[in-house]
Amino acid sequence: MNILVIKSSVFGDNGNSSSLVNSQLATLQAQHPDATVVVRDLSTDPIPHLDGERVGAFFTPADQRSEDQQAVDAFSMALIDELKTADHIVLGLPMYNFGIPSQLKSWIDHVARAGVTFRYTENGPQGLLDDKPVTVLSARGGLYAGTENDTVTPYIKLFFGFIGITDVNFVYAEGLNMGDEAKEKAMSEAQAALAG
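One structure accompanies this document, and this report is about it. (Residues numbered from 1 in each chain as written. Predicted model: local features only at pLDDT ≥ 70, side-chain atom pairs only at ≥ 80, totals over all residues. Heavy atoms only, no water.)

1. Digging into the sheet that holds strand 7 (residues 168-173)
- Judged by pairing direction, the sheet is parallel, and its five strands sit side by side in the order 2-1-3-6-7 without closing on themselves. The open sheet terminates on both sides in strands that have one partner only, identified here as strand 2 (36-41) and strand 7. Averaged over neighbouring strand pairs, the angle between their axes works out to 15° when direction is ignored.
- Sheet topology note: the strand 1 (residues 2-7)/strand 2 ladder contains six bridges and is parallel. Residue pairing across strands places I3 opposite V37, the latter belonging to strand 2. (Pairing = 2+ DSSP bridges. Helix = DSSP H or I, 4+ residues; strand = E, 2+ residues; numbered from the N terminus. Axes fitted to C-alpha atoms, helices over the stretch in contact; angles between N-to-C directions.)

2. Structural notes on the environment of R54
- Mapped onto the secondary structure, R54 falls in helix 2 (residues 52-59).
- Counting along the chain gives 111 residues from R54 to I165, while the straight-line C-alpha distance between them is 25 Å.
- Apart from residues no more than four positions distant in its own chain, R54 is found in contact with P48, H49, V72, F75 and H110. (Contact = heavy atoms within 4.5 Å.)

3. Some details on the environment of T153
- Topologically, T153 is positioned in helix 5 (residues 152-162).
- Residue T153 is classed as buried on the basis of its relative accessible area of 8%.
- Separated by 89 residues in the primary sequence, T153 and Q64 place their C-alpha atoms 39 Å from one another.
- The residues touching T153, leaving out its near neighbours within four places in the chain, are R140, F170 and Y172.
- A polar contact of 2.7 Å, which involves the side chain of T153, links it to the side chain of D150. (Buried < 20%, exposed > 50% of the residue type's maximum accessible area, 1.4 Å probe, protein only. Polar contact = N/O pair within 3.5 Å; in protein donor to acceptor, adjacent residues only side chain to side chain.)

4. Considerations on the layout of surface pockets
- What the largest pocket holds in volume is close to 290 Å³.
- M95, Y96, A139, G141 and N177 are the residues nearest the centre of the largest pocket, which is lined by 17 residues in total.
- Classifying every residue of the lining of the largest pocket gives eight nonpolar, eight polar and one charged.
- Volume-wise, the second largest pocket comes out at about 160 Å³.
- Forming the boundary of the second largest pocket are L50, V55, F58, F59, D109, A112, R113, A114 and V116.
- Element by element, the count of residues in the lining of the second largest pocket is highest for helix 2, at three residues.
- Of the residues belonging to the lining of the second largest pocket, the class tally is seven nonpolar, no polar and two charged. (1 Å grid on protein atoms, 1.4 Å probe; cavity = no way out; pocket = protein on both sides within 12 Å on 5 of 7 lines; lining within 4 Å. Points joined across faces, edges and corners; volume = space filled by probe spheres on them. Nonpolar A, V, L, I, M, F, W, Y, C, P; charged D, E, K, R; others polar.)

5. Brief notes about the environment of F160
- Mapped onto the elements of the fold, F160 is located in helix 5.
- Remark: the alpha-carbon pair of F160 and S17, spanning 143 residues in sequence, is separated by 19 Å.
- With near-sequence residues (within four places) excluded, F160 lies in contact with I89, L91, V134, I165 and V168.

6. Notes on the pairing of strand 6 (residues 134-139)
- Of all six residues in strand 6, six are buried, a share of seventy percent or more.
- Neither face of strand 6 is left uncovered, since the one carrying V134, V136 and S138 and the one carrying T135, L137 and A139 both have all their residues buried.
- Here six bridges tie strand 6 to strand 7, and the two strands are oriented parallel to one another. Following the sheet pairing, L137 is matched in strand 7 by V171.

7. Quick word on helix 6 (residues 180-195)
- In this model, helix 6 (16 residues) spans 22 Å end to end at C-alpha, consistent with the 22 Å of a helix rising 1.5 Å per residue.
- When we look at burial in helix 6, the residues that qualify are A186, M187, A190 and L194. Across the axial projection of helix 6, the buried residues extend over an arc of 95°, all falling on one side. Among the exposed residues of helix 6, those oriented more than 90 degrees off its buried face are E181, E184, K185 and A195.
- Buried residues along helix 6 sit in contact with helix 1 (16-31), strand 6 and strand 7. (Expected span 1.5 Å × (residues − 1). Arc of directions from axis to C-beta.)

Structure, rendered in structure tokens:
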């Protein structure tokens, strides 16, 4: 069992989504004591945002890349390899201003690569990765799940589906900025959902 953990809270392990990630990871490790765990904390080890040079490296043929371009490609491929070799992905997902954290978008931009994790066909795009379970621990300050203001859930489902991963399950902790009692209740309910 290979477990890939992705934390995207700007608060690192102090974030609510990271707290839920750690609980889920502890459960998985109890079930699979010999599991290999790769933790990708995007707050402590940020991934560069895309710019023209990085995109240019992706589209330059391998035998024509400069040393810097080779390094950019190798970094991206290492992230993709973590994704490919994982048997289970655990993703901590806060909502910031109706979207995903920018550091998570940078990770997505480095793993969503045409010809590597997806390809375009006559029938539309096709994901190239094997399906695997993804547990998304989604923390929000307000109440958004199931409303038109939740842009995060469909986006994450779309991204994983685009690269071939459709077994995506969400656990929500909502209303976390609506007072201590609401936060405690929401976190307890999310923890119970993970344990169940």
